[in-house]
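Chains, contacts and geometry: an overview
Listed below, chain by chain, are the residues.
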Amino acid sequence: MPPRRIPALTLSAALVTVTLAGCGSGADRHSTDALTVGLVAEPATLDFSTTDGAAIPQALLGNVYEGLVRIDQQGRIQPGLAKSYDRSADGRTYTFHLRNNVKFTNGKAFTADDAVFSINRVRTVWKLKIAQQMDDVRSATKVDADTVKVTLKRPSNNWLYSMTTRIGAMYSRDGVSDLKEHPVGTGPFEVESWQRGDSLVLKRNTGYWGARPALDTVTLKYFKDSGALNNAMLAGDINVLGAVQAPETLSLFKDKSRFQVIDGSSTSEVVLSMNNSRKPFQDKRVRQAVRYAIDHEALLKTTRAGRGTLIGSQESPSDPWYAGASNRYPYDPAKAKRLLKEAGAEGTSIRMRIPNLPYAVSAAQVVQDQLAQVGLKVRIEPLEFPARWLSEVFDKADYDMSIIAHAEPRDQWIFADPHYYFRYDNPAYARLLQKADAGSPQEASADYRRALKLLSQDAAADWLYLVPNLMVADKSLRGLPVNQVGEGLEFAGVRWSGK
Amino acid sequence: MSHVVRRTATLLVSVVVASFVVFAFLAVLPGNAAEVALGTNATPAAVARLSREFGTDRPLLVQYADWAQGLLHGDFGTSYVTHEAIGPRIANRFAVTVWLVAGGMLVALLLALPAGVLAAAWHRTGRGALLSGLSQVGIAVPAFLAGILLVYAFAVRVGALPAGGYTPLAEDPQDWARHLVLPWLSLGLVQGAVLTRYVRSALLSVQRQDFMRTARAKGVRRWAALCRHGLPNAAIPVVTVLGLQLSNLLVGAIVVERVFVIPGLGDLLLRGVQDRDLLLVQGVVVVLVVAVLVVNLVTDLLYRVLDPRLRSR
């Protein structure tokens, strides 16, 4: 699943707390049962079945909505509203055994009928392309009040995974009339109020089936300006800065007695795309030359203060098949020049059309500089994001090169669709992905690894880095998710320590 | 009477022209609401379907006529992206911006009147030069920079006031005021500095008038003469600037709203443009145009109140 309005930077941790001193005050202005989190992108509506944007599942998934299965911090699929599930030997049938003590916040019990309703609803009501993942479903049927059987048209590991994302959210049959403003779910929290342009307040769901959350209310405050977001954290108006926009601003928060810095991994790959259908990037050697010509470590240091993970294919550390450094290209400008010469592409002019987002602009300048050293002339054109970039680059593929973060987890399929803006058309890659999807979960990892290696060797694109999941939090907060693995920023396990 | 008719006609024509220009401009901008709503989940078929649903696939003039007709019935239409009624949404945001601008203007006046009078009275003295210098500095500082500095000083260092955000007046008046103090100051200090210069120069030119000399000759003390005879006569140029400043503030508030995370009209406008939410942008523009024209109208009427010579015209 594709790029995103703003890298869905969410959580992370590793409690890398930094040095000392600085300006004080404002802290400890909190009560032990309330939390205020500062975020950047605001939801347009509260209904992710009809409106795109990472902000909606970020706020609601795992907090207000839950699925039959969920994803854990290590990227493994775990039971959710289904206490267990069986996969048939041929991989075509999943039987979910539902918990029987679950209630929606509208008071109705969660039953097999709701599960069937929710699965079918994706195919009828959802407008977004991600809903196509449900096209694999032949039928969803109720076996008894606590059991649901889903039959697929073909075996699919991905389908089960997709059930942990927003398309797997469970809705009440009687609770979908006003989802844009009043979501109804089974999660540990429910929406208390929503002040557009300002904040979304979640309150504890008193009838929650699972462990009681420590927090009574969670306020998500949205800031359009990252300076204002930093100030709010410094002033103690918010307890968590949910998305550090520029790692160099971390020095503002070096007062260890007040702040902790959380630095984990995300699923957001910053991709340097090359239009595979256009000269000079039709030629694999030119694409490979670009990958050799870029000093990724220097780029990460210059543009992200060294925070983030270097990757070499469309993968992140929470994927079970993550291959780490082995897919990367070493920095080798001499080899890059040789490849360009072979391809007769020396001195080619390239139009790099990027979104006018800070991370893309700063990365583009480094790439421009490094490609100039091997003889490629890059002209940078920043386009207004989202409207203009989406229209011209994403929808019409009118570009040579671009840079954007593809935030969605497990989005390897974007390279399997020849109409996607990369215009990468390699049936072998698509076949490998299909095979991985259909095989047993054990075989799947090996096949994914092969597919991602092929993608890297083919230089379908270059991967600049994986966005760090960088947050700043009040020192006495515990239980914030370290890694951004799924789509939701979950607060059920967050608590204040010693207060 | 004919004056009022003429002003109203001007207002109507301005609204039509402004809204049509915005409409046409947004229509030729690359990108449309359906593409933005679907984001990276767009397929050509989905974009076409959603455009049909929004009605943005129709000819521009048809869309405009449709919107204008709704507006005549007081209906601002429904937002493409959020599916909300636009009228109430603008009304909510407008109320926030009005508080912001009114408070900022009040701060400016409270600052500029005494400072301007003093600067005029201390004309050609060290103290006067100091005041002039200070106001010059104030003019040079943009409101957003003043905002950032104020936040750093009072919210981050002292921690006495929130760094940003907004609480509706009806919800908690005290919290409402706490959130608005810094935005008021950052708008008011800068505009106040500008206004100070005008008050000073208007008073200075009045001071040279014969009637001032007559008043002084009749034994009225300098300060009293300045306040009783000087100020009313200096009012017209000051009111003119005030009207212009108010219009500036309405638009300038956009930046301050961003710095202080205030959900006002400016924030709504920026969001609308970003989402290519045509009708929303149109609605906000109409409200802004009308507000600016009303301010001009009131300024105009004030001249007549202030200057009896204009009433006969």
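Conventions and cut-offs
- Residues numbered from 1 in each chain as written.
- Chains lettered and ligands numbered in written order.
- Predicted model: local features only at pLDDT ≥ 70, side-chain atom pairs only at ≥ 80, totals over all residues.
- Heavy atoms only, no water.
- Helix = DSSP H or I, 4+ residues; strand = E, 2+ residues; numbered from the N terminus.
- Rg over C-alpha atoms; globule rule 2.2 N^0.38 Å.
- Contact = heavy atoms within 4.5 Å.
- Lys, Arg positive; Asp, Glu negative; His and termini not counted.
- Charge placed at Lys NZ, Arg CZ, Asp CG, Glu CD.
- Patch = residues over 30% accessible without salt bridge, like charges linked within 9 Å, V, L, I, M, F, W, Y side chains within 5 Å.
- Areas by Shrake-Rupley, 256 points an atom, 1.4 Å probe, with all protein chains shown as cover.
- Salt bridge = Lys/Arg side-chain N within 4 Å of Asp/Glu carboxyl O.
- Buried < 20%, exposed > 50% of the residue type's maximum accessible area, 1.4 Å probe, protein only.
- Expected span 1.5 Å × (residues − 1).
- Axes fitted to C-alpha atoms, helices over the stretch in contact; angles between N-to-C directions.
- Parallel < 35°, antiparallel > 145°, perpendicular 65-115°, else oblique.
- Left-handed = near helix turned anticlockwise from the far one by under 90°.
- Nonpolar A, V, L, I, M, F, W, Y, C, P; charged D, E, K, R; others polar.
- Pairing = 2+ DSSP bridges.
- Phe/Tyr/Trp six-rings, centres within 6.5 Å; stacked < 30°, edge-to-face > 60°.

Counting its secondary structure elements, chain A contains 11 helices and 18 strands. For a compact globule of 499 residues, the expected C-alpha radius of gyration is about 23 Å, and chain A comes in at 23 Å, within 12% of that figure. Overall size of chain A, expressed as C-alpha extent along the three principal axes, is 70 × 60 × 35 Å. Residue pairs in contact within chain A that sit at least 24 positions apart in sequence constitute 74% of those at least 6 positions apart. Computing the positive centroid from 63 side-chain charges and the negative centroid from 55, chain A places the two 2 Å apart.

The subject of this paragraph is a nonpolar patch on the surface. All names here are of chain B. A surface patch of nonpolar side chains, about 410 Å² in accessible area, is lined by F144, L145, I148, L149 and V255. When residues in the nonpolar patch are grouped by element, the largest group, four residues, is from helix 7 (residues 143-157). Position of I148 relative to the elements: it lies in helix 7. What makes I148 partly exposed here is its relative accessible area of 37%.

Residues and elements named next belong to chain A. For helix 2 (residues 112-124), built from 13 residues, the straight-helix expectation of 18 Å at 1.5 Å per residue is met to within 8% by its first-to-last C-alpha distance of 18 Å. Every buried residue belonging to helix 2 is among A112, D114, A115, V116, S118, I119, R121 and V122, and all of these are buried. For helix 2, the secondary structure elements touched by its buried residues are strand 5 (93-98), strand 6 (137-144) and strand 7 (147-152).

Right, let's talk about the packing of helix 1 (residues 2-28) of chain B against helix 4 (residues 60-72) of chain B for a bit. All names here are of chain B. Look at helix 1 against helix 4: their axes get within 11 Å of each other, and the N-to-C directions meet at 140°. Our classification of the angle between helix 1 and helix 4 gives oblique. When the axes of helix 1 and helix 4 are compared, the crossing they make is right-handed. Across from V16, S19, F20, F23, A24 and A27 in helix 1, the residues of helix 4 making contact are L60, L61, Q63, Y64 and W67. Within the contact of helix 1 with helix 4, the residues separate by chemical class into nine nonpolar, two polar and no charged.

Attention now goes to the sheet that holds strand 6 of chain A. All names here are of chain A. Taking strand neighbours across the sheet as the criterion, the four strands line up as 4-5-7-6 in an open arrangement whose pairing is antiparallel. Of all the strands in the sheet, the pair left with one neighbour each is strand 4 (82-87) and strand 6. Adjacent strand axes in the sheet meet at a mean angle of 20°, parallel and antiparallel pairs treated alike. Two strands pair when backbone bridges link them, and strand 5 and strand 7 are joined in this way by five bridges, in the antiparallel orientation. Within strand 7, the position partnered with H97 by the bridge is T147.

To continue, consider the pattern of salt bridges. All names here are of chain A. Within this structure, the stated rule accounts for 39 salt bridges over all chains. Among the ionic pairs, E487 bridges to R166, the shortest N-O distance being 3.0 Å. With E487 in the loop between strand 17 (477-478) and strand 18 (495-496) and R166 in the loop between helix 3 (157-162) and strand 8 (189-195), the pair connects residues that are 321 residues apart, well separated along the chain. Judged on exposure class, the residue E487 and its partner R166 are both buried. The salt bridge involving E381 is made with R353; its shortest N-O contact spans 3.0 Å. Of the two residues, E381 is situated in strand 14 (residues 377-383) and R353 in strand 13 (residues 349-355); the sequence distance between them amounts to 28 residues. According to the relative accessible area criterion, E381 is buried, its value standing at 19%. Judged by its relative accessible area of 4%, R353 falls in the buried class.

All names here are of chain A. Tracing the backbone through its elements, the reader meets V286 in helix 5 (residues 284-293). It is 7.1 Å that separates the C-alpha atoms of V286 and A345, two residues lying 59 residues apart in sequence. When neighbours within four sequence positions are excluded, V286 is seen to be in contact with P280, F281, L340, A343 and A345.

Between two aromatic rings, the relevant description is the distance of the centres plus the angle of the planes. All names here are of chain A. For the coordinates displayed, the defined rule picks out 33 aromatic pairs over all chains. With a centroid separation of 6.3 Å and an interplanar angle of 20°, the aromatic rings of Y94 and F96 are classed as stacked. Judged on exposure class, the residue Y94 and its partner F96 are both buried. When the ring of Y420 is compared with that of Y421, the centres are 5.5 Å apart and the planes differ by 50°; the resulting orientation is tilted.

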